[in-house]
Amino acid sequence: MGLVFALAGPIFAQDAEPSLSDQVKAWVRRLDSDTLEERARAEQKIIELGHESLDFLPQVKPNTAAETKARLQRIRTILEKARADNAAKASKITLSVKDKPFTEVLAAIQEQTGNQLVDFRRNFGQNADATKVTVDWKEVPFWEALDELFAQTGLEAYHYAGQPGVLAFVGRQAATNEKNPLVRTSEIFRFEPTRIESFLNLSNPEQRGTFMNLQVAWEPRLTPIVIKLPLDQLQIEDENGKSLVSGASEGSLDTEVLQGVSAVDIQLPLGGVDRTSQKIAKMKGQMVALLPGRVETFTFDKLEKARNVKDERGAIEVIFEAFRPNGDIYEASIMLRVLNEQGALESHRGWVYNNEAYLKGPNGERVDIAGFEETYRDVDTVGLSYKFVLEREASDYEFVYRSPASIISLPISFELTDIPLP
């Protein structure tokens, strides 16, 4: 039988291989050690265990020591960022088949990547034929494999299916089945310039300009909250090396991601485009994607007495204000606050409205909301009132709220080349 040493020595039995859960719990206990050196060492060791440790970190409680709380918050922030970085890497596919049904290849892609693909051809009156395909992929990134498969089968992505977490596809509208040479990818993201328009106001010739539509898609297993395109990070040149960056090159083009879409379209102003420019030879930039962290479940009980009960997970604080009758319905009022400075609530609140809220009865039965409304708005806080129709006393229920525990800012570099100009 192995020996367990005192705090100053090893914290695991000599003859055992501790599980990740046991390691995390042991180092968490040391976050409250007597010496600053030992507390700092414990914090670093938990971080070194990797983002999988998030699943075993304890929740901060009202009686948690202030320093331990601060260290747990730092650990969560770092590991959530590591988890998001890992999830944002391109999925890879290894598959070699000859003359296999398209549906089998599709199933293999879904199994290997976790990306859900939905056939939308019948929604548009198109024939969903059983095409056979041949592919030979070894560690091929998801978008590269999908573009090849779609070119071979005469399909294209349809980004507005209205279903969260999926990528739909339909029959291709273009006459050619060739892969689009303008498309570029960067990890889970796909960049495609889809349209360039120049205009001249004939009643006021001073009003003229050129805009490019840039479509940004992502692997559907990870949906961003907001896509930001900082204009001062853009470098755009024609074939002669002339800058085509618009004079309005400050600020950022921010696009909120709506529920049920798998791409956004960014209208990008160009400058200095004239008849001497035949193409955009190079366009470089750094996009920023705000991504949701791990979804946490916040549960509040004793609803008839609960007033301003706080629960903090990661960078999210939920305050359950009250549960009150209002005529024939009950209203659960909460405040949600983002504790880090990622700008996720400045003007983009769609992700909050999509958070799940319901009541859980004594036998586990679920009561879904009958509606909700926003009651408060600030740069880092939003208030919401959820409506319920009850068949029992309020004291019989728990209020359950699910939200990402953090909002991660992920920079993504991209470069496009040889884009024809009108």
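Residues numbered from 1 in each chain as written. Predicted model: local features only at pLDDT ≥ 70, side-chain atom pairs only at ≥ 80, totals over all residues. Heavy atoms only, no water.

Right, let's talk about the packing of helix H1 (residues 20-30) against helix H2 (residues 36-48) for a bit. Two numbers describe how H1 lies on H2: the axes approach to 8 Å, and their chain directions differ by 155°. When the interaxial angle is binned, H1 and H2 end up roughly antiparallel. The chirality of how H1 crosses H2 is left-handed. Each of Trp 27, Val 28 and Arg 30 in H1 lies in contact with H2, whose residues at this interface are Glu 38, Arg 39, Arg 41, Ala 42, Lys 45 and Ile 46. Per-class residue counts for the contact of H1 with H2 are 4 nonpolar, no polar and 5 charged. (Axes fitted to C-alpha atoms, helices over the stretch in contact; angles between N-to-C directions. Helix = DSSP H or I, 4+ residues; strand = E, 2+ residues; numbered from the N terminus. Parallel < 35°, antiparallel > 145°, perpendicular 65-115°, else oblique. Left-handed = near helix turned anticlockwise from the far one by under 90°. Contact = heavy atoms within 4.5 Å. Nonpolar A, V, L, I, M, F, W, Y, C, P; charged D, E, K, R; others polar.)

Turning our eyes to something else, we now look at the nonpolar core. With 34 residues, the main nonpolar core has Phe 189, Phe 191, Met 212, Ile 280, Met 283, Met 287 and Phe 414 as its most contacted residues. Residue assignment for this core shows that the elements contributing at least two residues are strand E7 (189-200), strand E8 (208-218), strand E9 (226-230), strand E12 (263-270), strand E13 (279-292) and strand E23 (407-420). With sequence-adjacent residues up to four places away left out, Ile 280 is seen in contact with Ile 196, Met 212, Ile 236, Glu 237, Asp 238, Leu 244, Leu 270, Thr 417, Asp 418, Ile 419 and Leu 421. (Core = buried A, V, L, I, M, F, W, Y, C linked by side-chain atoms within 4.5 Å. Buried < 20%, exposed > 50% of the residue type's maximum accessible area, 1.4 Å probe, protein only.)

Here we take up the domain arrangement of the protein chain. As far as domains go, the protein chain holds domain 1 (20-87), domain 2 (92-179), domain 3 (189-292 + 410-420) and domain 4 (293-406). Taking the mean C-alpha position of each, domain 1 and domain 4 sit 27 Å from one another. The partner domain 4 presents 8 residues to the 8 residues of domain 1 that form the contact. Around 720 Å² of area is buried between domain 1 and domain 4 when both sides are counted, 34% of it from carbon and sulfur atoms. Broken down residue by residue, the surface that domain 1 buries against domain 4 is led by Gln 59, Arg 76 and Glu 80, which jointly contribute 57%. Taken together, the connections running from domain 1 to domain 4 amount to 3 salt bridges. Asp 55 is paired through a salt bridge with Arg 294; the nearest N and O atoms lie 2.7 Å apart. (Domains from an automatic or database assignment. Buried area = accessible area lost by both parts, 1.4 Å probe. Salt bridge = Lys/Arg side-chain N within 4 Å of Asp/Glu carboxyl O.)

This part covers the confidence of the model for the protein chain. Averaged over the protein chain, the pLDDT score is 88; the fraction of residues at 70 or greater is 94%. Counting interchain partners and residues more than four positions distant, the pLDDT-below-50 stretch residues 1-8 has 11 contacts. (pLDDT = per-residue confidence, 0-100.)

With that out of the way, let us pick up the pairing of strand E21 (residues 381-388). Remark: a regular strand shows side chains that alternate across the two faces of the sheet. Of all 8 residues in E21, 8 are buried; the element is thus mostly enclosed. By the alternation rule, side chains of E21 split into Thr 381, Gly 383, Ser 385 and Lys 387 and Val 382, Leu 384, Tyr 386 and Phe 388, which are all buried. Judged from the 8 bridges that link them, strand E17 (residues 329-338) and E21 form a sheet pairing that is antiparallel. Bridging from a neighbouring strand, Arg 337 pairs with Thr 381 of E21. Where strand E20 (residues 371-377) and E21 come together, 6 bridges link them in antiparallel fashion. Looking at the pairing, Gly 371 lines up with Lys 387 of E21. Linking two consecutive strands that pair antiparallel, namely E20 and E21, is a turn of 3 residues. (Pairing = 2+ DSSP bridges.)

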